[in-house]
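# Summary of structural features
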Amino acid sequence: TQLLEQSPQFLSIQEGENLTVYCNSSSVFSSLQWYRQEPGEGPVLLVTVVTGGEVKKLKRLTFQFGDARKDSSLHITAAQPGDTGLYLCAPPNTGNQFYFGTGTSLTVIP
Amino acid sequence: EPEVTQTPSHQVTQMGQEVILRCVPISNHLYFYWYRQILGQKVEFLVSFYNNEISEKSEIFDDQFSVERPDGSNFTLKIRSTKLEDSAMYFCASTRAHSGNTIYFGEGSWLTVV
């Protein structure tokens, strides 16, 4: 299993603040995916980054894939309570198993 | 957008009873998975399934668990004799190919064993 470390593990911020969460590994990946899981629901795919250095934007969310394709970041601008959830990065499935990073639990306080 | 659907969304069962959780994967997907998430904990891999047989299973997936694809559409997880510690959210997932593809998750079936 190729470990994907996410930081911070927990993050609690006020509505309107900006934040960045990180996904790091010592391995190189062909792509990385970001999911958000809201309480009581399944993980939902947000974005897939494929090219080293790539930046993708999804409204107030900005995803970046590291140049070396070993890490990725997610920046949220002007966080809202609806952004609350568990953010998970993941490589594409390799073989029979699919695994997530360690996760960042975000709470946005109104 | 195609999606993975799961039923039931919530089931309460008595300890020792059998439970079947159902999933309809995305129609052109070939690889299917079950995961579980105990409240407040990480999503844990249970089993993967391809070509009508188990490809890989974790140590959680003991003899009390079984999976099958009875009709080419549904993908089921059976827990033969439920225990209190089986209480969790169970997620079905599917992907189109063996590697390098996005995996799509259902919304989960919340199992409560009392």
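Along each chain, the written sequence defines residue order, and numbers are assigned to residues from 1. Each chain takes a letter, starting from A, and each ligand takes a number, starting from 1, following the order in which they are written. In keeping with the predicted nature of the model, local features appear solely for residues at pLDDT of at least 70, side-chain atom pairs appear and are counted solely at 80 or more, and the whole-chain, interface and lining totals rest on all residues. Just so you know, side-chain values use all the structure's heavy atoms and leave hydrogens and water out.

On to unusual backbone geometry, then. Following Ser7 of chain A, the chain continues into Pro8 of chain A via a peptide bond in cis, with omega recorded as -10°. Only runs of H or I of at least four residues qualify as helices and only runs of E of at least two qualify as strands under DSSP, and these elements are numbered from the N terminus. With respect to the helices and strands, the residue Pro8 of chain A is situated in the loop between strand S1 (5-7) and strand S2 (10-14). Backbone torsion omega between Thr7 of chain B and Pro8 of chain B reads -10°, so that peptide bond is classified as cis. Its location among the elements puts Pro8 of chain B in the loop between strand S1 (5-7) and strand S2 (10-13). Phi at Arg69 of chain A is positive, roughly 60°, even though this residue is not glycine. Take Arg69 of chain A: it is sitting in the loop between strand S7 (61-65) and strand S8 (71-76).

Residue and element names in this part refer to chain B. With respect to the helices and strands, the residue Lys78 is situated in strand S8 (residues 75-79). Each C-alpha atom of the pair Lys78 and Gln14 lies 15 Å from the other, and the pair is 64 residues apart in sequence. Setting aside residues no more than four positions away along its own chain, Lys78 makes contact with Glu18, Val19, Ile20, Gln64, Phe65 and Ser66. Working rule for contacts: check all heavy atoms of both residues, and any pair within 4.5 Å makes them a contact.

Residue and element names in this part refer to chain A. In this scheme, strands are said to pair when DSSP sees at least two bridges between them. Read from one edge to the other, the open sheet built from five strands follows the order S1-S3-S8-S7-S6, with strand pairing classed as antiparallel. Edge positions in the open sheet fall to S1 and strand S6 (55-58), since each of these has one partner strand only. Neighbouring strand axes in the sheet, compared pairwise and without regard to direction, differ in orientation by 15° on average. Direction of pairing for S6 relative to S7: antiparallel, over a ladder of four bridges. Of the residues in S7, the one forming a bridge with Leu58 is Leu61. Lines fitted to C-alpha atoms define the axes, with helix axes restricted to the stretch in contact, and inter-axis angles between N-to-C directions lie between 0 and 180 degrees.

Let us look at the interface of chain B and chain A. On the chain A side, the residues contacting the 22 residues of chain B number 19 residues. Buried area is a sum: the accessible area each of two parts loses on coming together, probed at 1.4 Å, counted once for each and added. When chain B packs against chain A, close to 1,600 Å² is buried across both sides, 52% of that on carbon and sulfur atoms. N or O atoms within 3.5 Å of each other form a polar contact, as long as, within protein, one can give a hydrogen and the other can take it, and as long as residues adjacent in sequence are counted only when both atoms are side-chain atoms. Our count for the chain B to chain A interface comes out at three residue pairs in polar contact (both at pLDDT 80 or more). Those elements giving two or more residues to the side of chain B that touches chain A turn out to be strand S4 (31-37), strand S5 (43-50), strand S6 (53-57) and strand S9 (88-95) of chain B. Per-class residue counts for the side of chain B that touches chain A are nine nonpolar, ten polar and three charged. Each residue gets one label: Ala, Val, Leu, Ile, Met, Phe, Trp, Tyr, Cys and Pro are nonpolar, Asp, Glu, Lys and Arg are charged, and the others, such as Gly, are polar.

All names here are of chain A. Per-residue accessibility, obtained with a 1.4 Å probe over protein chains only, is compared with the maximum for each type, and a residue is labelled buried under 20%, exposed over 50%, and partly exposed between these values. Because side chains alternate across strand S10 (residues 104-109), one face comprises the buried residues Thr104, Leu106 and Val108, and the other comprises Ser105, Thr107 and Ile109, none of which is buried. As defined by bridge partners, S2 adjoins S10 across five bridges and the pair is classed as parallel. Considered in S10, the bridge of Phe10 is made with Ser105. Note that strand S9 (residues 85-90) and S10 share three bridges and pair antiparallel. Its bridge partner lying in S10, Gly85 is registered against Leu106.

It is worth stressing that arrangement in space is one thing and function is another; only the former is reported here.
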